[in-house]
Amino acid sequence: MSRPPRTRLDRNTGAEAGENKSWDTVVVGSGPGGASVARSLARAGRRVLILERGRDWRGSALYGTYPGAMLYADHRALLFSREGMNIIRPLMVGGATSMYCGCSAPPGAWWSERYGIDLDIEAEETAKELGVGPLPPGLRGVASTRIAEAAEELGMTWQAQDKLMSPGAEAFDCGAHCMLGCRCGAKWNAGAYVDEAVAAGGTVWTGARADRVLVEGGSVRGVEGRKGRKKFTVEAETVVVAGGGIGTPLLLRASGIEGAGRGMAIDTTVMVYGLAPYRGIGSDPPMTWSHADDDLGVLYSTLIDPWLMYPLIMARKGPRWALTWPRWGRTLGVMIKLTDEISGGVESGARIHKGLTEGDRERLGRAEAVAGRILRKAGCDPDTIFTTPLRGTHPSATARIGDVLTSDLETEVRRLYVCDASVFPRSLGRPTVLTIIALAKRLSKHLLQDPVERRSTV
């Protein structure tokens, strides 16, 4: 497999930590929200600094491998809530888009209807720019397509899932393993927007951890943090926090915003597996078909854990389940993504409190029964069907619009904004990336229309 070439970003990681610098905007985090804001502002001539806690792994031989995933995922991919829910949190340039399934979904109508936030123009613009659409029929996978057909035979309407992917590359090689990181370059990564921000004059510091947003007189003054062993302080007229559903509330709380981190959503996810009499979905691109049941609050799709991750995850369920590993090659999987209720939260010290509410459990149980029926219809042995342990796929709603933020994504501190999944008022139960980018483009327009008097540089 080929891997993406090194980019200009690898050679432009900013000044030495410890130097005081002044910027128009400091963006904390380089996932889809932070990268999108940084690109828009840099293209408009603003002096932009991106602070990214991780490094840029895209040019590494380890990117997209099992050892690599354990290096760039928080807690070596062993991050759990107090209730035992596994959460994969990439810490690297590109954020969560470095370890996702490349799926896309438009923002729900409720954004406008309930919160007065119209994202249609930004979402449509992004979908056109990035070529969002389903994979061609020949790339959706034989086994995955059989699952969708089985569901259709049971009266469900499954759709070819929209993707943030360009599969035309000769090296296209997408299977369950691509959730570890896309090595062939077909899947869109927010690092591409970071590269474009740098090309427009922006600066990136990798390995730079923001510890606190500096506030003076109720307004932003800058950011304090560490790069390696050195402390740094940067001044800025505007700070946009885009550290994700876990990192953002921790930074906001350290900066005096007490409401951050109280309650969260996480799009609780399980897979229901069964043994088929034919080749399974492990070599199919993940999530090529899906069905949304909005009445139940569930998204179904086709998905299986990568080969080497499978026994590690199943071991959490018990030794018996880990021993099903030899049949991975003939396993079918139906993913259930639950639109979970707001509960728990992110506590000091990055302790995460998140489990299922009684309502979540009831709806999940109903969805598992549906997934089982689909697998049996697809030919799976009923005695082999079981459900994986719980995992959290989209930490979100930890700095919610209406609770912590205005509809313009501003906090109680003037010129301190948030732009990532933490702003969601509720669980999306859908792929999140297109919504985050649309929010970022909307925020960028707001910032560019709201000029502030420049402070003199230090």
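Residues numbered from 1 in each chain as written. Predicted model: local features only at pLDDT ≥ 70, side-chain atom pairs only at ≥ 80, totals over all residues. Heavy atoms only, no water.

J.: It is not clear to me how the overall build of the protein chain should be interpreted in this structure. Could you clarify?
T.: Looking only at helices and strands, the protein chain features 11 helices and 21 strands. Relative to a compact globule of 458 residues, whose C-alpha radius of gyration would be 23 Å, the protein chain shows 21 Å and is just as compact. By principal-axis analysis of the C-alpha atoms, the protein chain measures approximately 70 × 45 × 40 Å. Expressed as a percentage of the 458 residues in the protein chain, the buried residues total 60%. (Helix = DSSP H or I, 4+ residues; strand = E, 2+ residues; numbered from the N terminus. Rg over C-alpha atoms; globule rule 2.2 N^0.38 Å. Buried < 20%, exposed > 50% of the residue type's maximum accessible area, 1.4 Å probe, protein only.)

J.: Just to check I follow, could you spell out the packing of aromatic side chains for this structure?
T.: The geometry of two aromatic rings is summed up by the distance between their centres and the angle between their planes. Applying the stated criterion across every chain yields a total of 11 aromatic pairs. Note that R39 overlies the ring of Y193, its terminal NZ or CZ placed 3.7 Å from the centroid. The cationic tip of R55 hangs over the ring face of W57; the distance from NZ or CZ to the ring centre is 3.9 Å. (Phe/Tyr/Trp six-rings, centres within 6.5 Å; stacked < 30°, edge-to-face > 60°. Lys NZ or Arg CZ within 6 Å of the ring centre and 35° of its normal.)

J.: Mind showing me how you'd approach helix α1 (residues 32–43) here?
T.: Over its 12 residues, α1 runs 16 Å from end to end, which matches the ideal 16 Å to within 8%, given 1.5 Å per residue. Burial analysis of α1 places 10 of its 12 residues in the buried class, the great majority of the element. Every buried residue of α1 is listed here: P32, G33, G34, A35, S36, V37, A38, R39, L41 and A42. Looking at the packing, one finds that the buried side of α1 touches β1 (21–28), β2 (48–52), α4 (120–130), α6 (191–199), β11 (230–241) and α11 (433–448). G45 sits one or two positions beyond α1 and adopts a positive phi of about 90°. (Expected span 1.5 Å × (residues − 1). Contact = heavy atoms within 4.5 Å.)

J.: Honestly, the environment of P425 in this entry has me stumped. Any pointers?
T.: By the element assignment, P425 lies in the loop between β21 (416–418) and α11. Judged by its relative accessible area of 10%, P425 falls in the buried class. With 27 residues separating them along the chain, P425 and T398 place their C-alpha atoms 8.5 Å apart. Setting aside residues up to four positions removed in sequence, P425 forms contacts with W110, W111, Y115, I342, R400 and I401.

J.: Just checking my understanding: could you explain the pattern of salt bridges for this structure?
T.: It is possible for side chains of opposite charge to pair when their charged atoms get near one another. One pass over the structure, following the stated rule, counts 25 salt bridges. Here E153 makes a salt bridge to R146, at a shortest N to O gap of 3.1 Å. Judged by relative accessible area, E153 falls into the partly exposed class, the value being 47%. For R146, a relative accessible area of 22% gives the class partly exposed. Salt bridges sharing common partners tie together R39, R43, E125, E129, E196 and K441. (Salt bridge = Lys/Arg side-chain N within 4 Å of Asp/Glu carboxyl O.)

J.: Where do I start with the nonpolar core in this structure?
T.: The nonpolar side chains of a soluble globular protein tend to be buried, and buried together. Grouped together as the largest cluster of nonpolar side chains are 68 residues, with contacts concentrated most on V26, V37, L51, W111, W188, V239 and L416. Beyond its immediate chain neighbours, meaning those up to four positions away, V239 contacts V26, V28, V213, V220, G222, V223, R415, L416 and Y417. (Core = buried A, V, L, I, M, F, W, Y, C linked by side-chain atoms within 4.5 Å.)

J.: Honestly, the sheet that holds strand β18 (residues 351–353) in this entry has me stumped. Any pointers?
T.: The strands that make up a sheet pair up through hydrogen bonds in the backbone, lying either parallel or antiparallel. Taken in spatial order, the three strands line up as β12-β17-β18 in an open sheet, and their pairing is antiparallel. Only two strands of the sheet have a single partner each, and these edge strands are β12 (262–264) and β18. Geometrically, the sheet is characterised by an average inter-axis angle of 35° between neighbouring strands, direction not taken into account. With three bridges connecting them, strand β17 (residues 343–347) and β18 associate as antiparallel partners. (Pairing = 2+ DSSP bridges. Axes fitted to C-alpha atoms, helices over the stretch in contact; angles between N-to-C directions.)

J.: Could you clarify how one ought to interpret the pairing of β17 in this entry?
T.: Regular strands place side chains that alternate from one sheet face to the opposite one. Relative to β17, β12 is paired through two bridges, and the arrangement is antiparallel. What sits directly across from M264, in β17, is S343. Turn length for the β17-β18 hairpin, with the two strands adjacent in sequence and antiparallel, is three residues, and the turn residue G349 shows positive phi of about 80°.

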